[in-house]
Amino acid sequence: MTQTFDLGEIERRPDRLPRGVAELMRPELPSLAVEMIEEIRRNVPEYGNQANVAYLEALRIGVERALLHFVEQIADPGAPRERHDETYRRLGRFEAQEGRSLDTLQSAFRIGTQVAWRRVMKIAPRYRLPSIVMAQLADTLFSYLDELAALAQEGFLEERREGETQTHRRRLLALLVRVPAPSRRAVAEIAALAEWPPPEEATLVAVPADARCRRAALDDDLLVDLTADEPYLLVPGELTADRERMLTEALPEGRVVAGPTVPVAQAADSLRWARQALLLVESGVLGDGPVTRCDDHLVTLWLLADRALTERLARRHLAGLMSLPEAQRDRLLETLRVWLTTRGTAATIAEELHVHPQTVRYRMRQLENVLGDRLTDPESRFAIEVVLRALWLRERADVPPEPSGNVIG
């Protein structure tokens, strides 16, 4: 049955559509959305792929919000549009993130508009819409298509620019940790492309390879490469308490290590130390929290930096103990370490080792017989203390011995 929809008296083409058109269209929206989605999926292969859940969800949201907003704008041209605009910018950004052009999305817009106009032509006779209103509706609909396309393009270009900036930032980060250090000119050129003003100092942070990162929680001025085999990032300046909290929030499951704050030209050193310390964190030697600072463990890093050199020092300064049975040798080394560390009496050393003082005196006599003047010579005694400290740290780390059959097992 033909109905006449009350649009008021219309004698000439209106500047905008009568609000009554919105009420005419609202009942059509649910079925129109379904029809649009089916038509787009039939004609655009990317949207026809059932396995691409993200694409299908983006299609559904885009269609439903576009229809609803179009009708709301007819009913109330002053209705808020911020959420609508952002939806279509996001669709454009999504296309850029997926590495596609805007052709697919624009094809979906065109098909959707054709389906919408087909529906208008179907219901217009039912309500006897005047031709001047139909003409205005056509203009409004196709202008709306142009608007959606422009918003999507805006988001697309924004994402492309951001993507290019991030690419330059990863290049810059790789350049800054290169050995030998790059020239100031090379850094300045890429920094300009990356829109990143180089600071005077920086702190490099080593990240576990399997750490999950909340990228949105990271400060915008960080340089980040979490796709590397050994992920890392650069914090401009010192690692303040606020920066540390930021890292904890962004990497809630990973125990990261911050290298020392150094001049930017020495960034490679900071990263090298941070990565060395991360190995010690993962082996249990260092770290009691989500962020470990190298500056708190410099001596440990130094002692464990060169295992081959530690082996050589041990062979030179503890050689006399190598021929002893392993159990006896271990007892003597532990007694010697405590003695050098505490410089305590036999009673003090005995209390720490949980043995009788007389046992300590006996062991010290054995050590004097084996090591002789090395225990009284300041240089030799210092070398022995360094070696024993390194051995103790390696034992905590459960580091296997070097295949040399020597004393430091």
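Within each chain, residue numbers correspond to sequence positions counted from 1 in written order. Two thresholds apply to this predicted model, a pLDDT of at least 70 for residue-level local features and 80 or more for giving and counting side-chain atom pairs, whereas whole-chain, interface and lining totals are computed over all residues. For side-chain calculations, the full set of non-hydrogen atoms in the structure is used, while hydrogens and water are omitted.

The name that an unreviewed UniProt entry assigns to the chain is PucR C-terminal helix-turn-helix domain-containing protein, with the source organism given as Actinomadura namibiensis.

Caption draft 1: View of helix 9 (residues 241-250). Only protein chains enter the calculation, and the probe is 1.4 Å; a residue is then buried if its accessible area is under 20% of its type maximum, exposed if over 50%, and partly exposed in between. Each helix corresponds to a stretch of at least 4 residues labelled H or I by DSSP, and each strand to a stretch of at least 2 residues labelled E; elements are numbered beginning at the N terminus. Along helix 9, the positions that sit buried rather than exposed are Arg243, Met246, Leu247 and Ala250. The buried side chains of helix 9 occupy one side of the element, clustering within an arc of 100° when seen end-on. Looking at the buried positions of helix 9, the neighbouring elements they touch are strand 1 (201-206), strand 3 (232-236) and strand 5 (291-293). Along the arc lie the directions from the helix axis toward the C-beta atoms. Any pair of residues with heavy atoms lying within 4.5 Å of one another is described as a contacting pair.

Caption draft 2: Here's a closer look at the UniProt feature "domain: PucR C-terminal helix-turn-helix" (unreviewed entry) in the chain. Cross-referencing UniProt, the feature "domain: PucR C-terminal helix-turn-helix" (unreviewed entry) maps to residues 332-390 in the present numbering. Annotated as residues 332-390, this span is 80% helix and 0% strand, and its ends, taken at the C-alpha atoms, are 16 Å apart. UniProt positions are given in the numbering used here, feature names are shortened, and annotations may be inferred rather than shown by experiment.

Caption draft 3: Representation of the domain arrangement of the chain in the model. All domain edges in this entry derive from an automatic or database-based domain assignment. The domain architecture assigned to the chain consists of domain 1 (19-162), domain 2 (199-304) and domain 3 (307-398). Relative placement of domain 2 and domain 3: their C-alpha centres are 35 Å apart. If you look at the interface, domain 2 gives seven residues, while domain 3 gives eight residues. A pairing counts as a salt bridge when a side-chain nitrogen of Lys or Arg comes within 4 Å of a carboxyl oxygen of Asp or Glu. Across the domain 2-domain 3 interface, the total number found is zero salt bridges. Under the rule applied, a polar contact is a pair of N or O atoms within 3.5 Å (in protein, one hydrogen donor and one hydrogen acceptor; residues adjacent in sequence only if both atoms are side-chain atoms). Linking domain 2 with domain 3 are zero residue pairs in polar contact (both at pLDDT 80 or more). Top contributing element to the side of domain 2 that touches domain 3 by residue count: helix 11 (residues 298-303), with three residues. Gly falls in the polar group here, along with every residue not listed as nonpolar (Ala, Val, Leu, Ile, Met, Phe, Trp, Tyr, Cys, Pro) or charged (Asp, Glu, Lys, Arg). The class makeup of the residues in the side of domain 2 that touches domain 3 is four nonpolar, three polar and no charged.

Caption draft 4: Seen up close, the confidence of the model for the chain. Every residue gets a pLDDT, meaning the predictor's confidence in that residue, from 0 to 100. Per-residue pLDDT for the chain averages 83, and the proportion of residues at 70 or more is 92%. For the stretch residues 399-409, pLDDT sits under 50, and the model shows 24 contacts to residues farther than four places along the chain or on other chains.

Caption draft 5: Region of the structure containing the packing of aromatic side chains. What counts as a ring pair is set by centres within 6.5 Å for rings of Phe, Tyr and Trp (its six-membered ring), and what kind of pair is set by the plane angle: stacked under 30 degrees, edge-to-face over 60, tilted for all other angles. Scanning the model with the defined rule gives two aromatic pairs in all. Look at phenylalanine 70 and tyrosine 144: their rings are 5.1 Å apart centre to centre, the planes differ by 50°, and that puts the pair in the tilted class. Taken together, the residues span a long stretch of sequence, with phenylalanine 70 in helix 4 (residues 53-75) and tyrosine 144 in helix 7 (residues 131-176) at a distance of 74 residues. An identical accessibility class is assigned to phenylalanine 70 and tyrosine 144; each is buried. Look at NZ for Lys and CZ for Arg. If either is within 6 Å of the ring centre and within 35 degrees of the ring normal, a charge sits over the ring. When the ring centre of tryptophan 339 is taken as origin, the NZ or CZ atom of arginine 343, which lies over that ring, is 5.6 Å away.

Caption draft 6: Quick peek at the packing of helix 13 (residues 326-342) against helix 14 (residues 346-353). Fitted lines through C-alpha atoms serve as axes, helices being fitted only where they are in contact, and the angles separating the N-to-C directions of these axes extend from 0 to 180 degrees. Helix 14 packs onto helix 13 with a crossing angle of 125° between their chain directions and a minimal axis gap of 10 Å. Here helix 13 is positioned oblique relative to helix 14, judged by the angle of their axes. Handedness of the crossing formed by helix 13 with helix 14: right-handed. Here Glu334, Thr335, Val338, Trp339 and Thr342 of helix 13 lie close against helix 14, whose contacting residues are Ile349, Glu352 and Leu353. Counted by class, the contact of helix 13 with helix 14 contains four nonpolar, two polar and two charged residues. Any angle from 65 to 115 degrees is called roughly perpendicular, while one under 35 is roughly parallel, one over 145 is roughly antiparallel, and all others are oblique. By definition, turning the near helix anticlockwise from the far helix through less than a right angle yields a left-handed crossing, and turning it clockwise yields a right-handed one.

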